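An overview of the molecular structure
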Amino acid sequence: MGICEGRTVIITGAARGLGRAYALAFGAEGANVVVNDIGTSLHGEGRDTSAADAVVAEIVAAGGKAVANYEDITDWDAALSLIHISEP
């Protein structure tokens, strides 16, 4: 049993870099992880959900629980929708 068993965490920017590392670490500790990433390039262009989906797949493959979310948290309603996501 991990230290986050039964807790839900929302990680923004979770498809790459530190966000990805945090998402994987929380997943390994038993948290239900919401992987939020809008899927833009490192230059802020385009939309591609595959990176967030890959992080979710990695958490699930390791026995964790995760869902992807692609909302832009700079929009208030979109950010609020993260809170209303049911547990994975």
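Quick note: structure is the one above.
Here's what I pulled together on the structure shown here. (Residues numbered from 1 in each chain as written. Predicted model: local features only at pLDDT ≥ 70, side-chain atom pairs only at ≥ 80, totals over all residues. Heavy atoms only, no water.)

**A look at a nonpolar patch on the surface**
Note the cut-off: Patch construction takes residues with relative accessible area above 30% that form no salt bridge. Like charges are linked within 9 Å, and nonpolar side chains (Val, Leu, Ile, Met, Phe, Trp, Tyr) are linked within 5 Å. To measure how exposed things are, a 1.4 Å probe is used in the Shrake-Rupley method; for residues, cover is taken only from the protein chains shown. The term salt bridge refers to a side-chain nitrogen of Lys or Arg lying within 4 Å of a carboxyl oxygen of Asp or Glu. A run of H or I in DSSP becomes a helix once it reaches four residues, and a run of E becomes a strand once it reaches two; helices and strands are each numbered from the N terminus.
On the surface, a nonpolar cluster with roughly 450 Å² of combined accessible area is contributed by Ile-10, Trp-76, Leu-80 and Ile-83. Counting residues per element, the nonpolar patch draws most heavily on helix 3 (residues 76-83), at 3 residues. Position of Ile-10 relative to the elements: it lies in strand 1 (residues 8-12).

**Section: the sheet that holds strand 2 (residues 32-36)**
Where we set the bar: By this definition, two strands are paired if DSSP reports at least two bridges between them. Between N-to-C directions, angles cover 0 to 180 degrees, with each direction set by a line fitted to C-alpha atoms, over the stretch in contact for helices. Any pair of residues with heavy atoms lying within 4.5 Å of one another is described as a contacting pair.
Strand order in this open sheet of 3 strands is 1-2-3, and the pairing throughout is parallel. Two strands in the sheet have a free side with no partner beyond their single neighbour: strand 1 and strand 3 (65-69). Each strand axis lies, on average, 20° off the axis of its neighbour in the sheet, ignoring direction. Note that strand 2 and strand 3 share 5 bridges and pair parallel. Across the sheet, the residue bridging to Asn-32 is Lys-65, located in strand 3. Across the face of the sheet, helix 2 (residues 50-61) comes into contact with strand 2 and strand 3 while running at roughly 175° to strand 3.

**Overview of the pattern of salt bridges**
Taken as a whole, this structure holds 1 salt bridge when the rule is applied. Two residues, Glu-58 and Arg-20, come together in a salt bridge whose shortest N-O distance is 2.7 Å. You can see Glu-58 sitting in helix 2 and its partner Arg-20 sitting in helix 1 (residues 17-28), a full 38 residues away along the chain.

**Quick look at the pairing of strand 1**
Rule in force here: Each residue gets one of three labels from its accessible area relative to the maximum for its type: buried under 20%, exposed over 50%, partly exposed in between, using a 1.4 Å probe on protein chains only. Orient the strands so they point away from the viewer, and a crossover whose first-strand-to-second-strand path over the helix runs clockwise is right-handed.
Of the two faces of strand 1, the one lined by Val-9 and Ile-11 is fully buried and the one lined by Thr-8, Ile-10 and Thr-12 carries no buried residue. Where strand 1 lies against strand 2, 5 bridges are found, and the strand directions are parallel. If you follow Ile-11 over to strand 2, its bridge partner there is Val-35. In this fold, the crossover linking strand 1 to strand 2 by way of helix 1 has right-handed handedness.

Structural measurements only, silent on function.
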